[in-house]
Amino acid sequence: MIEDSFGRIHDYLRISLTDNCNMRCFYCMPEEDYDFTPASRLMQTHEIEGLAKLFVENGVNKIRLTGGEPLIRKDADKIILSLSQLPVSLTLTTNGVRLNHFINILKESRVHSLNISLDTLQKEKFQLLSRRDYFQQVYENITLMLQHDFHVKVNMVVMKGLNDDEINDFVEWTKDQPIHVRFIEFMPFSGNKWSSNKVFTLQQILEVVSRKFDILRLQDKKHDTAKKFTVPGHAGTFAIISTMSAPFCEGCNRIRLTADGKIKNCLFSKEETDLLTPYRNGEDVMSLIHKSIKNKAKELGGQFTNVLENVHAEQILNRSMITIGG
Ligand code: SAM
Ligand code: SF4
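Summary of the structure given here. Just so it is clear, the structure is predicted and the values come from calculations on it, not from any experiment.

Moving on, we get to the site of ligand 1. Around ligand 1, 20 residues are found, and the nearest of them are Y27, G68, S117, N155 and M187. Y27 places a main-chain nitrogen or oxygen 3.0 Å from a nitrogen atom of ligand 1. At a separation of 3.1 Å, an oxygen atom of ligand 1 approaches a polar side-chain atom of N155. Taken together, the residues of the shell around ligand 1 sort by class into eight nonpolar, 10 polar and two charged.

Below, the structure written as structure tokens:
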């Protein structure tokens, strides 16, 4: 069992397969030109398998593959199939662009639930936010995955003045489609132009939705990061991930493994622990994992609090989101 000094059991591993991506979302990537990690410095397939197995032997029962964009990795299908052999619930966060190529492999791997990111329902805005023209492809792939009976969660990062005017369009989308929209508060990462006045909070999102819909709060599960709601009669639901205004660190059970093989014990941790080098050298990796989790801060990496006005992105020491794995 992997436990931190606050008694939180860590049984959920998020593995980043790559820090590369076929999109360029400004809130995820550094502003300046970014050199993606060369393949030789990324965990190789057998290393991902070996490390994942170690975590599972020590109590991990859920694995999420993420990135960068996990589905642009050439051996993504091999990795998905191989990890599906472990006794875990396996899932994926993707921008959806390449999902149509993975339907069979996902079914074969018993991946039932997918998080697909889509921040706008407007084609032109999509291009503005992601610097790529993939709106139609992503939208069609979401529809395709629903037709194939996948449980689809749609991640929408809400940014004040950019897409907060679309919140109710997303809720409307849940009327006839069994989609589970997750509004995510904009978070600060290295080089992502964050400022507290661009955050559209849980409270503000609820105010906007309540103006148009009657809403019903749904029951949370123990480790839920999202506060869930539905509009009675709608086929889908919506939820809010309020990392910034109402963090949920108390129930945190997540460990992150970056594509270059480092553990981050929190999305906002300053420190990282290299596992890949010792793993390649045949050293004891498990003791490093336990030590890293024991050092986990109580809340938000110990770097800030939920008083938004006091959060100054430039004072937070961290990687960019694309290199962590969201
Ligand atoms: N490429 C995949 C995708 O876009 O879903 C997986 C990686 S992405 C880093 C994982 C999630 O992090 C996405 O839902 C993305 O919207 C979210 N994300 C990235 N930067 C963020 C930020 N600054 N604040 C909040 N969420 C962010
Ligand atoms: Fe790529 Fe996902 Fe980051 Fe957008 S949010 S740049 S799709 S990794």
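Picking up where we left off.
With that settled, consider the pairing of strand β9 (residues 237–241). Most of β9 is tucked away: five of the five residues are buried. Inspection of the sheet shows strand β6 (residues 179–185) paired to β9 by five bridges, in the parallel sense. Across the sheet, F183 pairs through a bridge with I240, a residue of β9. Sheet topology note: the strand β8 (residues 226–230)/β9 ladder contains four bridges and is antiparallel. Pairing of F229 across the sheet is with F238, part of β9. Hairpin connection between β8 and β9: a loop of six residues separates the two successive antiparallel strands, and G233 in this loop has a positive phi of roughly 95°.

This part takes up the nonpolar core. In this structure, I15, I63, L106 and F183 are the most contacted members of the largest nonpolar core, which totals 103 residues. Leaving out residues up to four positions away in the same chain, F183 has contacts with M156, V158, I167, F170, V171, I205, F238, A239, I240 and I241.

Our next topic: helix α7 (residues 202–212). In an α-helix, one turn spans 3.6 residues; hence positions three or four apart end up facing the same way. For α7, the set of buried residues is L202, I205, L206, V208 and V209. Along α7, the residues classed as buried sweep out an arc of 160° about the axis, all on the same side.

On to the site of ligand 2. Residues in contact with ligand 2, as listed here, are C21, M23, C25, C28, M29, G68, N95 and I322. When its residues are assigned to classes, the shell around ligand 2 shows six nonpolar, two polar and no charged.

Moving on, we come to the packing of aromatic side chains. Applying the stated criterion across every chain yields a total of 10 aromatic pairs. Seen from their ring centres, F26 and Y27 are 5.8 Å apart, and the 75° between their planes marks the pair as edge-to-face. Across this residue pair, the class does not change: F26 and Y27 are buried. Plain terms: the ring middles of F170 and F183 are 6.4 Å apart, the flat faces sit at 75° to each other, and that makes the pair edge-to-face. Separated by 13 residues along the polypeptide, F170 in helix α6 (residues 167–173) and F183 in strand β6 bring together distant segments of the chain. With respect to class, F170 is no different from F183; both count as buried. Members of the aromatic cluster, connected to one another through ring pairs, are F126, F135, Y139, F170, W173, F183, F229 and F238. Geometry around Y12 places K62 over its ring, the cationic atom sitting 4.5 Å from the centre. When the ring centre of F229 is taken as reference, the NZ or CZ atom of R217 above it lies at 5.3 Å.

Cut-offs and rules
- Residues numbered from 1 in each chain as written.
- Chains lettered and ligands numbered in written order.
- Predicted model: local features only at pLDDT ≥ 70, side-chain atom pairs only at ≥ 80, totals over all residues.
- Heavy atoms only, no water.
- Near = heavy atom within 4 Å.
- Polar contact = N/O pair within 3.5 Å; in protein donor to acceptor, adjacent residues only side chain to side chain.
- Nonpolar A, V, L, I, M, F, W, Y, C, P; charged D, E, K, R; others polar.
- Buried < 20%, exposed > 50% of the residue type's maximum accessible area, 1.4 Å probe, protein only.
- Helix = DSSP H or I, 4+ residues; strand = E, 2+ residues; numbered from the N terminus.
- Pairing = 2+ DSSP bridges.
- Core = buried A, V, L, I, M, F, W, Y, C linked by side-chain atoms within 4.5 Å.
- Contact = heavy atoms within 4.5 Å.
- Arc of directions from axis to C-beta.
- Phe/Tyr/Trp six-rings, centres within 6.5 Å; stacked < 30°, edge-to-face > 60°.
- Lys NZ or Arg CZ within 6 Å of the ring centre and 35° of its normal.

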